[in-house]
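Fold and contact review
Here is how the chains run, residue by residue.
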Amino acid sequence: MVTSTATTPELEESPSDAPATEATGTRAGIRALLLRLHFYAGVFIAPFLLVAAVTGLFYTAMPQVERTLYQHELKVTPDGDPDRLAVQVAAAKKAVPDGELVSVTTGPGPEDSTRVVFEEPGLKEGYTRTAFVNPYDHSVLGTLETFGQWLPVRAWFDDLHRNLHLGDFGRNYSEIAASWLWVEVGGGLVLWIGMRRSRRKLRGTLLPDRSAPAGRRRVRSWHGAVGLWAAAGLLGLSATGLTWSAYAGANITQLREQLNSPTPEVAATVPHADHTGGSGKPGGRDIGFDGAVREAREAGLGGVLDITPPADSGSAYVVKENTRSWPERQDSVAVAPDSGKITATLRFDDYPLLAKLSRWGVDAHMGLLFGLVNQIVLALLAIALIAMICWGYRMWWLRRPTRGADAGRRPRPGRAPARGAWRRIPGRVLAPAAVVTALVAYWLPWLGIPLLLFMTVDLVTGRMRRNREPKEVGV
């Protein structure tokens, strides 16, 4: 079948040209459809992306800000050998008398304090109270409200980036941004590369065309070239952001479980024979935090260690490496509190591939994987996204009517790309694409809901415009 773009006698009379013409018309229809989707998302989703980029840019500087603001709690002057962890924990308990001990984290170096973490009544969900202890004289340097390993300033900006301090309702904003970022980047890549390839300008594809006349063409050149360079990083941020979103994240977790690739946890349950102690009776002795660390070190664990005490009489100490830079060190062991025997071992090398990719991706998203280099890359990606959004709105403004009857009226927004592109796409292409889109929208609900709204608005405005056309013709 020859599409409506093949209207010349030569094309209609040459059977050999029909497939090429049909393919050309299909590509043109797909491009027009992508352009309209890119436009709608650029206008209505860009504010969510802009907020995510700006808050993410602030977040990239938090490690340095944190070290500066909390130097008193974080840093100590080495003085001989460190006290036993048991002594440090006892001092921390006096500083947080109402707290329930959660874990102990050793310092990464001799100049770092020990963190003793407590659950405390009255704190927000997910937050804990951390006492910072000088390991050399077991003095408590201070206590801070923390979120995981984040101190207050980073926790505040982390919450801002995730949900704008609006709780579960605010998480919808970041999920919308993550759900649409890959669509905008992927669609933009197809549009940009397709356009530049057709013009055979490799340099113009990779670099902005600074020779272009001032106006929409130059702005588009910067928008496309910067987007090309930032695409891989932005796609990675979109994918990793979705993994801990509310709705899409739950679907991704379910999918990983079905693929037998959840993030594993070391078994903390102690077999009965391993918690009888030297006396042969349950609860005979307790090796304590120091014994658990000693056994973990002998098992090969190094660097920063998180030690979780036994939850009950049948549980073990869980000691886990917490080095989240490259290479990752996330090995963990369970140590029987009575016998000191290691009852379970989990090596990061034994994680399923998807669990490893998730760990690496999340840590890269948070700026942890490669340290300062990771932070700089994230900052550049945030700046690039902010710039592309601004250029996108600039191009929209430059498309506004400036001549003829519209010139003397009040300012109007730029024109949208032509509608009806889907009619130019053959059914055998459009139908599978619609099915795939529906499936993706089901798994990413904050992609599907705005997409449905875009389609509804597009159909309604199109119908309204068609209803007005006879009146305008009659006039």
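Within each chain, residue numbers correspond to sequence positions counted from 1 in written order. Only residues with pLDDT of at least 70 get local features here, since the model is predicted, and only at 80 or more are side-chain atom pairs given and counted; chain-wide, interface and lining totals rely on the full set of residues. For the side-chain quantities, the full set of heavy atoms in the structure was used; hydrogens and water were omitted.

**So, the nonpolar core**
Put simply, the test is: By convention a nonpolar core is built from buried Ala, Val, Leu, Ile, Met, Phe, Trp, Tyr and Cys residues, the set being connected through side-chain atoms within 4.5 Å. Classification of residues uses two cut-offs on accessible area relative to the type maximum, computed with a 1.4 Å probe and protein chains only: under 20% is buried, over 50% is exposed, and between them is partly exposed. Secondary structure elements follow DSSP: runs of H or I of four or more residues count as helices, runs of E of two or more count as strands, with numbering from the N terminus. Should any heavy atoms of two residues lie within 4.5 Å, those residues are considered in contact.
Counting residues in each nonpolar core, the largest one holds 33 residues, and the members touching the most others are Ile 45, Leu 49, Trp 180, Leu 181, Leu 234 and Leu 385. Elements with a contribution of two residues or more to this core: helix H2 (18-44), helix H3 (46-60), helix H8 (167-198), helix H10 (216-243), helix H14 (371-398) and helix H16 (445-474). Among residues more than four places away in sequence, those in contact with Leu 234 are Leu 181, Val 185, Leu 381, Leu 385 and Met 388. Counting residues in each nonpolar core, the second largest holds 21 residues, with Val 133, Leu 301, Leu 305 and Tyr 317 among its members.

**Let's talk about the packing of aromatic side chains**
To keep it simple, the criterion reads: Note on aromatic contacts: the rings of Phe and Tyr and the six-membered ring of Trp form a pair at centre separations within 6.5 Å, being stacked when their planes are under 30 degrees apart, edge-to-face when over 60 apart, and tilted otherwise.
Applying the stated rule across the entire model yields 17 aromatic pairs. Where Trp 156 meets Phe 157, the ring centres are 5.1 Å apart and the plane angle is 75°; that geometry is what we call edge-to-face. Look at Trp 156 and you get partly exposed, because its relative accessible area is 45%. Residue Phe 157 is classed as buried on the basis of its relative accessible area, which comes to 19%. An aromatic cluster is defined as three or more aromatic residues linked by ring pairs; in this entry it consists of Phe 39, Tyr 40, Phe 44, Trp 180, Tyr 393, Trp 396 and Phe 454.

**Quick notes on the pairing of strand E4 (residues 140-147)**
Convention followed: One requirement defines pairing of two strands: DSSP has to find at least two bridges between them.
As judged from the seven bridges shared by strand E3 (residues 127-133) and E4, these two strands associate in the antiparallel manner. For Phe 132, the partnering residue across the bridge sits in E4 and is Gly 142. Counting the residues in the hairpin turn of E3 and E4 gives six residues, including His 138, whose phi is positive at 50°.

**Observations concerning helix H13 (residues 353-365)**
Cut-off, in case you're wondering: Between the first and last residue of a helix there are one fewer steps than residues, each counted as 1.5 Å, and that sum is the expected span.
With 13 residues, H13 ought to run about 18 Å at 1.5 Å a step, and its terminal C-alpha atoms sit 18 Å apart, in line with that. Those residues of H13 lying buried are Ala 355, Lys 356, Ser 358, Gly 361, Val 362, Asp 363 and His 365. Looking at the buried residues of H13, the elements they touch are helix H7 (152-163), H10, helix H11 (247-258) and H14. Just downstream of H13 lies Gly 367, where phi reads positive at about 80°.

**Describing the UniProt feature "transmembrane region" (unreviewed entry) in the protein**
The condition is simple: UniProt positions are given in the numbering used here, feature names are shortened, and annotations may be inferred rather than shown by experiment.
Listed under "transmembrane region" (unreviewed entry) in the UniProt record, and renumbered for this structure, are residues 37-59, 176-195, 226-247, 368-393 and 429-455. The straight-line gap between the two end C-alpha atoms of residues 37-59 is 30 Å; of that span, 96% is helix and 0% is strand. Helix makes up 100% of residues 176-195 and strand 0%, with an end-to-end C-alpha separation of 28 Å.

**So, unusual backbone geometry**
A negative phi holds for most residues other than glycine; trans holds for most peptide bonds. The residue after Trp 326, namely Pro 327, is reached through a cis peptide bond having omega -5°. With respect to the helices and strands, the residue Pro 327 is situated in the loop between strand E6 (317-321) and strand E7 (332-335). The phi dihedral of His 138 is positive, around 50°, even though this residue is not glycine. With respect to the secondary-structure elements, His 138 resides in the loop between E3 and E4. For His 138, a relative accessible area of 35% translates into the label partly exposed. With a phi angle near 60°, Leu 164 is a residue other than glycine that sits in the positive phi range. Looking at where Leu 164 falls in the secondary structure, it is placed in the loop between H7 and H8.

**Some thoughts on the sheet that holds strand E8 (residues 342-346)**
The cut-off we apply is this: Only C-alpha atoms enter the line fits that serve as axes; for helices the fit covers just the stretch in contact. Angles between N-to-C directions range over 0 to 180 degrees.
Read across the open sheet, the eight strands follow the order E4-E3-E2-E1-E5-E6-E7-E8; overall the sheet is antiparallel. The open sheet terminates on both sides in strands that have one partner only, identified here as E4 and E8. Adjacent strand axes in the sheet meet at a mean angle of 20° when their direction is disregarded. Direction of pairing for strand E1 (residues 100-105) relative to strand E5 (residues 305-308): antiparallel, over a ladder of two bridges. By the bridge assignment, Val 104 is partnered in E5 with Ile 307. Docked against the sheet, helix H6 (residues 85-95) engages E1, strand E2 (114-119), E3, E4 and E5, running at close to 45° with respect to E2.

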